[in-house]
Amino acid sequence: MENTTKNLVVLGAGTAGTMVANKLRKRLPDSEWTITVVAKDDIHDYQPGYLFIPFGMNTPQQIRRSSRQFLSPDLTVVMAEVERVDAEANTVHLEGGRELPFDQLVIATGTTPRPDQTPGTEGPEFHKSVGEFYTFEGAVALRDQLARFTGGRLVVHITELPIKCPVAPLEFAFLADDYFRKRGLRDQVEIVFVTPLDGAFTKPVASKTLGHLLEEKGITVETDFMIESIDQEERVIRSYDEREIAYDQLVTVPLNMGADFVAASGLGDELNYVPVDKHTNRSTAHDNIWALGDASNIPTSKAGSVAHFSVEVFEENFMDAIAGRPLSHSFDGHANCFVESGGGKALLLDFNYDTEPLTGSFPLPKVGPMSLLKESRANHLGKLAFRHIYWNALLPGRPLGLPSEMSMAGKVPADA
Amino acid sequence: MPTTTIAGHEVEVNEEGFLTKPDQWTEDLAPELAKLIGLELTDAHWQLIRFLREDYKAQGETATLRRASTQSGVPVKELFVLFPKKPAKKMAYVSGLPKPKGCV
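Note that the coordinates shown come from a computational prediction; the quantities given were computed from them, not determined experimentally. (Residues numbered from 1 in each chain as written. Chains lettered and ligands numbered in written order. Predicted model: local features only at pLDDT ≥ 70, side-chain atom pairs only at ≥ 80, totals over all residues. Heavy atoms only, no water.)

**Student:** Would you explain the overall build of chain B in this entry?
**Tutor:** Looking only at helices and strands, chain B has five helices and two strands in total. Overall, chain B shows an N-to-C arrangement of helices and strands of β-β-α-α-α-α-α. Radius of gyration (C-alpha) of chain B: 13 Å, near the 13 Å computed for a compact globule of 104 residues. Across its three principal directions, the C-alpha atoms of chain B cover 35 × 30 × 20 Å. Here chain B, with 104 residues, has 46% of them falling under the buried criterion. Within chain B, residue pairs in contact and separated by at least 24 positions form 46% of the contacts whose partners lie at least 6 positions apart. Accessible surface, chain B: about 5400 Å² in total, of which carbon and sulfur atoms supply 51%. (Helix = DSSP H or I, 4+ residues; strand = E, 2+ residues; numbered from the N terminus. Rg over C-alpha atoms; globule rule 2.2 N^0.38 Å. Buried < 20%, exposed > 50% of the residue type's maximum accessible area, 1.4 Å probe, protein only. Contact = heavy atoms within 4.5 Å. Areas by Shrake-Rupley, 256 points an atom, 1.4 Å probe, with all protein chains shown as cover.)

**Student:** I tried to follow the packing of aromatic side chains on my own but got confused; where do I start?
**Tutor:** Where two aromatic rings form a pair, the distance of their centres and the angle of their planes describe that pair. Residue and element names in this part refer to chain A. Tallied over the full model, the rule gives 17 aromatic pairs over all chains. Centre to centre, the rings of F55 and F172 are 4.8 Å apart; their planes meet at 50°, and the pair counts as tilted. With F55 in the loop between β3 (44–45) and β4 (64–65) and F172 in helix α3 (residues 168–182), this residue pair connects regions lying 117 residues apart in the sequence. In this pair, the class of F55 matches that of F172, namely buried. (Phe/Tyr/Trp six-rings, centres within 6.5 Å; stacked < 30°, edge-to-face > 60°.)

**Student:** Help me understand the nonpolar core in this model?
**Tutor:** A general tendency of soluble globular proteins is for nonpolar side chains to be buried together. Counting residues in each nonpolar core, the largest one holds 113 residues, and the members touching the most others are A:L11, A:V92, A:I107, A:F133, A:F172 and A:L210. Counting residues in each nonpolar core, the second largest holds 34 residues, with B:L29, B:A63, B:A68 and B:L79 among its members. (Core = buried A, V, L, I, M, F, W, Y, C linked by side-chain atoms within 4.5 Å.)

**Student:** It is not clear to me how the sheet that holds strand β8 (residues 99–101) of chain A should be interpreted in this structure. Could you clarify?
**Tutor:** Think of a sheet as strands paired side by side through backbone hydrogen bonds, with each pair either parallel or antiparallel. Residue and element names in this part refer to chain A. The three strands are arranged β6-β7-β8 in an open sheet whose pairing can be described as antiparallel. The open sheet is flanked by β6 (82–86) and β8, the only strands paired with a single partner. Neighbouring strand axes in the sheet, compared pairwise and without regard to direction, differ in orientation by 20° on average. When β6 meets strand β7 (residues 91–94), the two strands line up antiparallel, connected through four bridges. Paired with D86 across the two strands is T91, which belongs to β7. (Pairing = 2+ DSSP bridges. Axes fitted to C-alpha atoms, helices over the stretch in contact; angles between N-to-C directions.)

**Student:** Would you take a moment to explain the packing of helix α2 (residues 43–59) of chain B against helix α3 (residues 65–72) of chain B for this structure?
**Tutor:** Each pair of packed helices can be summarised by the angle the axes make with each other and by the distance between the axes. All names here are of chain B. Interaxial distance between α2 and α3 falls to 11 Å at its minimum, and their mutual angle equals 110°. Compared by their axis directions, α2 and α3 come out roughly perpendicular. Residues Q47, L48, F51, L52, D55 and Q59 of α2 lie in contact with α3, whose contacting residues are R67, A68, Q71 and S72. The residue makeup of the contact of α2 with α3, split by class, is four nonpolar, four polar and two charged. (Parallel < 35°, antiparallel > 145°, perpendicular 65-115°, else oblique. Nonpolar A, V, L, I, M, F, W, Y, C, P; charged D, E, K, R; others polar.)

**Student:** Help me understand empty space enclosed by the protein, please; the structure alone is not making it clear to me.
**Tutor:** Remark: the empty space left among the atoms is shown by a probe the size of a water molecule rolled over them. Residue and element names in this part refer to chain A. Counted under the stated rule, the structure contains three cavities of 30 Å³ or more. As a volume, the largest cavity reaches approximately 50 Å³. Lining the largest cavity are G293, D294, S296, I298, T300, S301, K302, A303, V306 and A307. Split into classes, the residues belonging to the lining of the largest cavity amount to four nonpolar, four polar and two charged. In terms of lining residues, the second largest cavity is bounded by Y46, P48, F52, N58, K383, L384 and R387. For the lining of the second largest cavity, the per-class residue count stands at four nonpolar, one polar and two charged. The two domains that each donate at least three residues to the lining of the second largest cavity are domain 1 (6–110 + 259–322) and domain 3 (335–413). (1 Å grid on protein atoms, 1.4 Å probe; cavity = no way out; pocket = protein on both sides within 12 Å on 5 of 7 lines; lining within 4 Å. Points joined across faces, edges and corners; volume = space filled by probe spheres on them. Domains from an automatic or database assignment.)

**Student:** Could you clarify how one ought to interpret the pattern of salt bridges in this entry?
**Tutor:** Charged atoms that come close allow side chains of opposite charge to pair. Residue and element names in this part refer to chain A. This structure, assessed with the given rule, holds 34 salt bridges over all chains. Across the pair D177 and R186 runs a salt bridge whose closest N-O atoms are separated by 2.7 Å. Considered together, D177 and R186 belong to a single accessibility category, that of buried residues. (Salt bridge = Lys/Arg side-chain N within 4 Å of Asp/Glu carboxyl O.)

**Student:** How should α3(B) be read in this particular structure?
**Tutor:** Every α-helix winds through 3.6 residues per turn, so residues three or four apart in the chain are directed the same way. For α3(B), the set of buried residues is B:L65, B:R67, B:A68, B:S69 and B:S72. Those residues of α3(B) that are buried are in contact with α2, α4 (76–82) and α5 (87–94) of chain B.

**Student:** Would you mind showing me how to read the pairing of strand β22 (residues 345–351) of chain A here?
**Tutor:** Strand residues, when the strand is regular, have side chains that alternate between the two faces of the sheet. Residue and element names in this part refer to chain A. Counted residue by residue, β22 has six buried out of seven residues, so it is predominantly covered. Pairing of strand β21 (residues 335–342) with β22, which is carried by seven bridges, proceeds in the antiparallel orientation. Bridge pairing in β22 places C337 opposite L349.

**Student:** When you look at the confidence of the model for chain B in this model, what are you seeing that I'm missing?
**Tutor:** Reading fine detail from the predicted coordinates is not recommended where pLDDT is low. All names here are of chain B. Mean pLDDT over chain B works out to 92, with 97% of the residues at or above the 70 mark. Mean pLDDT per element in chain B: strand β1 (residues 3–6) is the minimum at 88, and helix α1 (residues 29–36) is the maximum at 96. Quick note on the complex model: pTM equals 0.92, ipTM equals 0.84. (pLDDT = per-residue confidence, 0-100.)

Okay, here's the thing in structure tokens:
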């Protein structure tokens, strides 16, 4: 008898990969589809927690789990690095020589900080006076580094956009202000926020609100700074237009890039992101290849909320695609980001491809309990509580009751 | 949107002076736009302007600094020499294209 089972291969077991595999396993009968998830290791970090580690607001243990524990037992899990995808032959080549044929492929291998891309980052001072908090190891090292810091200039720096969670560096600056205040050292610490953008954030309305907050907290902003190199001996960062900023402690956000196998497979743009239709996440080059989460080039924030909302739209479109129907759902770029502003407060941003961040309340119109684009305690508690929602509802693919499409109800456009 | 006349052409611009309709750009506009930001165009500038125009036609959006550098082979450092201080924006401005997004 001919084997008629089809193969769906999901590359990556992070937020997007785990959600999509679990959701589709519920929708696709075992007799028709084998779903194989390729994970590079058995580690699943709650990545928003990286921001909290340096300030002791999360412990390392709280944010690290096994990847496998979140993947449905009805999935086939392979622990391996991907070498390349042969899109013409519908085959994934894994390191070590194993091959996985596919009928449909989901690329969800995210984006990764690449300190090797800026000269001088990876010297003897890396994870010491040149810190970063975009990896587990980096966040833990930075916690110890900050604990020893008693005064001087702290420089928080973004190499280039896009980065995963574009508000995180700002949050880091806000939380650092709070942290040194509580230690009674704020007067001895100068905080400088260095960005390649021409303002505090990418979206004009939010940039204005966040810019005010930086000012209020006495954080200096250096804009339009395109870094060329880090000089670990002199303790300065240098830009292409030959500006220098001295630091005692640097917290850099290295260039973020998609996985190297994406480039090796000829499936990526100049930063190894997979070009896709921004409303369906379907590859612009291959109809049976999709990219979800941070791995795609969609023009919205690289964030877990986007992965979550777009996976829900994708699930429906995927069912259409395999049934030979036209895709019936459209993703609007909906993102929603908590922004920790220090002092036990946070702001909440809600935006999509077409709409700037709004003011109002979330998730219920006029009721909240969280307020948009304004600092509040409820927002902060919402952000802290989200870790539990992530582990217990989001990854297993349980409905959260948040609409994937952005709603305008109870929200008011703010003036830019 | 306000309109303005550059090199004898009436064009629509936004509040930052960027052309809002890339179709309204012609090659004779580039030297005039360049003059407005204190640049004199050389062959090296033109190579990038032509790359940006072609790339916009193919991609539907303005190339970021990184894309312009990797695709054209001109090092970022050199782009800063040709279009000082804000190369990504200045290249787009002279080429009659929207400011590159690249950042969300």
